[in-house]
Amino acid sequence: ASTMEVPSLKMNNGRDMPAIGLGTYLGFDQNGVVKSKDKQLRDVVMRAIDVGYRHFDTASVYETEQEIGEAVKMKVEEGVVKREDIFITTKLWNTQHRRTEVAQAINDSLKKLGLDYIDLYLMHWPIGLNADYSHSDVDFMETWRGLEDAQRMGIVKGIGLSNFNKQQLERVLKEGTIKPDAIQIEVHLQNVQKEMVEFCQSEGVVVMGYSPFGSLVARHGSTVEGPKIDDPVLSSIAQKYGKTTPQIVLRWQIERKVVPIPKTVNPKRLEENINIFDFTLTPDEVEKINGFDTHTRYTLPSFWQNHPYYPFDKVDNPIADPFIKV
Ligand code: NDP
């Protein structure tokens, strides 16, 4: 396997983020419990480093930090990479939103990762929860100050947000002391987020796009509406470049300067997904793909929709909270 050279994007803190990352969320079971630690992930991450991935996306709630840390450590020991070649993004969970809790949460993540700093630390949601998952009224600006403290301490090099809407991001830009380095939001061919992406980029906030394959793949175990892997429009573009349709939708995000974080545990798809830096799409093709937008979100935690900082539109029939353990 050859190693792909991955370009990078400059963040507000002056540091570089590799333009693609590996997603490592393995899912929850029916009881809302994170799937038992999948030991294969450590091998996946080691293989990913071999084929050129330098950026890994995790979160304290995914419970994958330890395996990623082990893989990085082994690859550093093997002399394949240095710590500073690797970019780790992880996230603060909603139950640790008090300013004083943030450093503790970061230290827990550092311990699991086996590292002494995190490259990018995101507030996973603007929504603060108490330990029993009832709604807390901690203002996300208080939490943001905790992230700023951590950056000043040097335990995180960059700080940012996830699942904030435009108004919430505007508030952080206005009332915060440090500008966010990045924001991680749902971006794929059915949720193009044109205005949001442009706004973030106009403020120098790098956009990371989660669930990058959109409707191409099954979601939560079932297929969803929308273009599939054999979609004729995507297939004809793919054919022109000798690529696959998943590679075309990832490249479309690269053209928009959105950092996709595709998840796979499959060795073949791991290589497929990073093999997107030897061609470019025309502006026409980018526009064509933008045309698939249906403003569809797959991550819609409507069980939190009565929280004062819920970022999305409310729905009529909210689903039950899978995090509440009965
Ligand atoms: P993705 O769009 O990355 O889709 C993952 C699915 O696609 C898996 O079933 C995977 O299966 C399959 N797949 C991967 N590559 C290919 C390919 N080339 N061809 C066909 N199928 C493929 O969705 P996710 O929702 O997992 O999002 C990616 C990452 O984004 C997460 O892992 C997480 O890190 C982050 N995320 C962040 C959120 C947030 O709130 N901030 C919310 C949701 C996700 P297989 O493994 O078998 O290849």
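You'll find the structure just up there.
Nothing here was measured: the structure is a model prediction, and the numbers come from that model.

Engineer: Which parts of the structure should I look at to understand the packing of helix α2 (residues 65–77) against helix α3 (residues 99–113)?
Structural biologist: Think of two packed helices as two axes; the pair is described by the angle between the axes and how far apart they sit. Running from N to C, α2 and α3 cross one another at 45 degrees; their axes reach a closest spacing of 7 Å. It follows from the interaxial angle that α2 and α3 lie oblique. Along the contact surface, α2 presents E65, Q66, I68 and G69, while α3 presents S109, K112 and L113. Classifying every residue of the contact of α2 with α3 by side-chain character gives 2 nonpolar, 3 polar and 2 charged.

Engineer: Even after reading the chapter, I still don't get the site of the ligand, so can you show me in this structure?
Structural biologist: Looking at the ligand, there are 27 residues lining it, with D57, S211, R219, T264 and R269 nearest. Within the contact set of the ligand, an oxygen atom lies 2.8 Å away from a side-chain nitrogen or oxygen of R219. Note that an oxygen atom of the ligand is positioned 3.1 Å from one of the backbone N or O atoms of V265. It is helix α9 (residues 267–274) that contributes the most residues to the shell around the ligand, 3 residues altogether. A breakdown of the residues in the shell around the ligand according to their chemical character gives 11 nonpolar, 10 polar and 6 charged.

Engineer: So what exactly am I meant to see when it comes to the nonpolar core here?
Structural biologist: In terms of nonpolar packing, the biggest core is built from 73 residues, with F56, I106, Y121, I183 and I289 touching the most fellow members. At 7 residues, helix α1 (residues 40–51) tops the list of elements feeding residues into this core. Dropping the residues within four chain positions of it, F56 is found in contact with L22, V45, A48, I49, I68, I86, F87, I88 and T89.

Engineer: Hey, could you run me through the pairing of strand β5 (residues 87–92) in this one?
Structural biologist: Regular strands place their side chains on alternate faces of the sheet. Counting buried residues in β5 gives 6 out of 6 residues, a clear majority hidden from the surface. Direction of pairing for strand β4 (residues 55–57) relative to β5: parallel, over a ladder of 3 bridges. In the sheet register, F56 faces β5, and the bridge partner there is I88. A crossover links β4 with its parallel partner β5, the connecting element being α2, and its sense is right-handed.

Engineer: Where do I start with helix α6 (residues 194–202) in this structure?
Structural biologist: Along an α-helix, residues three or four positions apart point the same way, because every turn accommodates 3.6 residues. Turning to α6, its buried residues number three or more, namely M196, V197, F199 and C200. Looking straight down α6, one finds its buried side chains confined to an arc of 165 degrees; they lie on one side. Opposite the buried face of α6, at more than 90 degrees from it, the exposed residues are E195 and S202. Of the surrounding elements, those touching the buried residues of α6 are α5 (166–175), β8 (182–186), β9 (206–210) and β10 (258–260). G204 lies just past α6 and shows a positive phi near 75 degrees.

Parameters and conventions
- Residues numbered from 1 in each chain as written.
- Predicted model: local features only at pLDDT ≥ 70, side-chain atom pairs only at ≥ 80, totals over all residues.
- Heavy atoms only, no water.
- Axes fitted to C-alpha atoms, helices over the stretch in contact; angles between N-to-C directions.
- Helix = DSSP H or I, 4+ residues; strand = E, 2+ residues; numbered from the N terminus.
- Parallel < 35°, antiparallel > 145°, perpendicular 65-115°, else oblique.
- Contact = heavy atoms within 4.5 Å.
- Nonpolar A, V, L, I, M, F, W, Y, C, P; charged D, E, K, R; others polar.
- Near = heavy atom within 4 Å.
- Polar contact = N/O pair within 3.5 Å; in protein donor to acceptor, adjacent residues only side chain to side chain.
- Core = buried A, V, L, I, M, F, W, Y, C linked by side-chain atoms within 4.5 Å.
- Buried < 20%, exposed > 50% of the residue type's maximum accessible area, 1.4 Å probe, protein only.
- Pairing = 2+ DSSP bridges.
- Right-handed = clockwise from strand over helix to strand, strands pointing away.
- Arc of directions from axis to C-beta.

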